[in-house]
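Coordinates in review
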Amino acid sequence: MACALAALVGCGGDEKVTFTIDEQEVGRISEELVEVAIGDFEVPVPVAYVDDESNTRYKNAVLFRFHLDALVDPHEASSARRLVERNSSTLNDRVMTTCRNSTIGELLDPQLNAFRSRALDAVQPIFEGHLLRRLVITDVITDPL
């Protein structure tokens, strides 16, 4: 085993090993996952502001609209759809709470990285841990209120 590791890494050399994924590999990975619709969301997102009396208050700043899908393995798609149907109100609550706890900057981020990460953490338990691979957020519109 040590010989195999040395052969892979190199024998004492300082060469860096780089890994690349070509377009065909990326396409293969995306083809292996199936989208399961979680739903369409329209969430008024509050923003904190300080008024004249130095009290923190909240007002709705934007209406955050989007469509959310879960990416799952094809053999788990029917299970995932059943879990979405059975837990739709819990999923809605968790996604809406994640929206409302996000900052405006996070919701205006074109990649939605922070939001997507927190939303994944919030809904992952509903998918019994192993089913949900990623979340896909599409049709994003943020309208000022």
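Note that the structure is predicted; figures quoted are calculated from it, not measured.

Each value, and the rule that gives it
Residues numbered from 1 in each chain as written. Predicted model: local features only at pLDDT ≥ 70, side-chain atom pairs only at ≥ 80, totals over all residues. Heavy atoms only, no water. Helix = DSSP H or I, 4+ residues; strand = E, 2+ residues; numbered from the N terminus. Buried < 20%, exposed > 50% of the residue type's maximum accessible area, 1.4 Å probe, protein only. Salt bridge = Lys/Arg side-chain N within 4 Å of Asp/Glu carboxyl O. Core = buried A, V, L, I, M, F, W, Y, C linked by side-chain atoms within 4.5 Å. Axes fitted to C-alpha atoms, helices over the stretch in contact; angles between N-to-C directions. Parallel < 35°, antiparallel > 145°, perpendicular 65-115°, else oblique. Left-handed = near helix turned anticlockwise from the far one by under 90°. Contact = heavy atoms within 4.5 Å. Nonpolar A, V, L, I, M, F, W, Y, C, P; charged D, E, K, R; others polar. Polar contact = N/O pair within 3.5 Å; in protein donor to acceptor, adjacent residues only side chain to side chain. Arc of directions from axis to C-beta. pLDDT = per-residue confidence, 0-100.

1. Some thoughts on the overall build of the protein chain
Per the secondary structure count, the protein chain includes 6 helices and 3 strands. Secondary structure elements of the protein chain, listed N to C terminal, follow the sequence α-α-β-β-α-α-α-α-β. For the protein chain, with 145 residues in total, the buried portion stands at 31%.

2. Comments concerning the pattern of salt bridges
Taken as a whole and assessed by the stated rule, the structure comprises 3 salt bridges. Two residues, Arg 133 and Asp 73, come together in a salt bridge whose shortest N-O distance is 2.9 Å. On the criterion of sequence distance, the pair formed by Arg 133 in strand S3 (residues 132-144) and Asp 73 in the loop between strand S2 (56-72) and helix H3 (77-86) is long-range, its members being 60 residues apart. A residue is classified by how much of its surface remains accessible, and Asp 73, at 13% relative accessible area, is buried. Its salt-bridge partner being Arg 118, residue Glu 106 comes within 2.3 Å of it at the nearest N-O pair. One end of the pair, Glu 106, is in helix H5 (residues 104-108); the other, Arg 118, is in helix H6 (residues 113-123), with 12 residues separating them in the sequence.

3. Focus: the nonpolar core
Membership of the largest hydrophobic core comes to 30 residues, with the highest contact counts inside it found for Ile 38, Phe 66 and Phe 127. With 7 residues, the top contributor of residues to this core is S2.

4. A word on unusual backbone geometry
Non-glycine residue Leu 112 carries a positive phi angle of around 55°. Overall, the relative accessible area of 4% leaves Leu 112 in the buried class. Look at Asp 139: it is not a glycine, yet its phi comes out positive at around 50°. Summarising the element assignment, Asp 139 is placed in strand S3.

5. Structural notes on the packing of helix H4 (residues 88-100) against H6
Running from amino to carboxyl end, H4 crosses H6 at an angle of 150°, the nearest separation of the two axes being 9 Å. With respect to H6, the axis of H4 lies roughly antiparallel. Between H4 and H6 lies a crossing whose hand is right-handed. On H6, the residues that touch Leu 91, Arg 94, Val 95, Thr 98 and Cys 99 of H4 are Phe 115, Arg 118, Ala 119, Ala 122 and Val 123. Taken together, the residues that form the contact of H4 with H6 break down as 7 nonpolar, 1 polar and 2 charged.

6. What about the side chain of His 67?
Here His 67 is to be found in strand S2. Among the polar contacts listed, one links the side chain of His 67 to the backbone oxygen of Gly 39, at a separation of 3.5 Å. Non-local contacts of His 67, meaning those with residues more than four positions away in its chain, are made with Ala 37, Gly 39, Asp 40, Val 136, Ile 137, Thr 138 and Asp 139.

7. Focus: H6
Among the residues of H6, Phe 115, Ala 119, Ala 122 and Val 123 are the ones counted as buried. Around the axis of H6, the buried residues are gathered within 80° of arc, so they sit on the same side.

8. Examining the confidence of the model for the protein chain
Looking at the protein chain, pLDDT values average 79 and 68% of them are 70 or higher. Of the regions scoring below 50 in pLDDT, residues 1-22 engages in 2 contacts with residues more than four places distant in sequence or in other chains. Predicted confidence for residues 24-28 stays below pLDDT 50, and this span has 1 contact to residues more than four positions away or in other chains.

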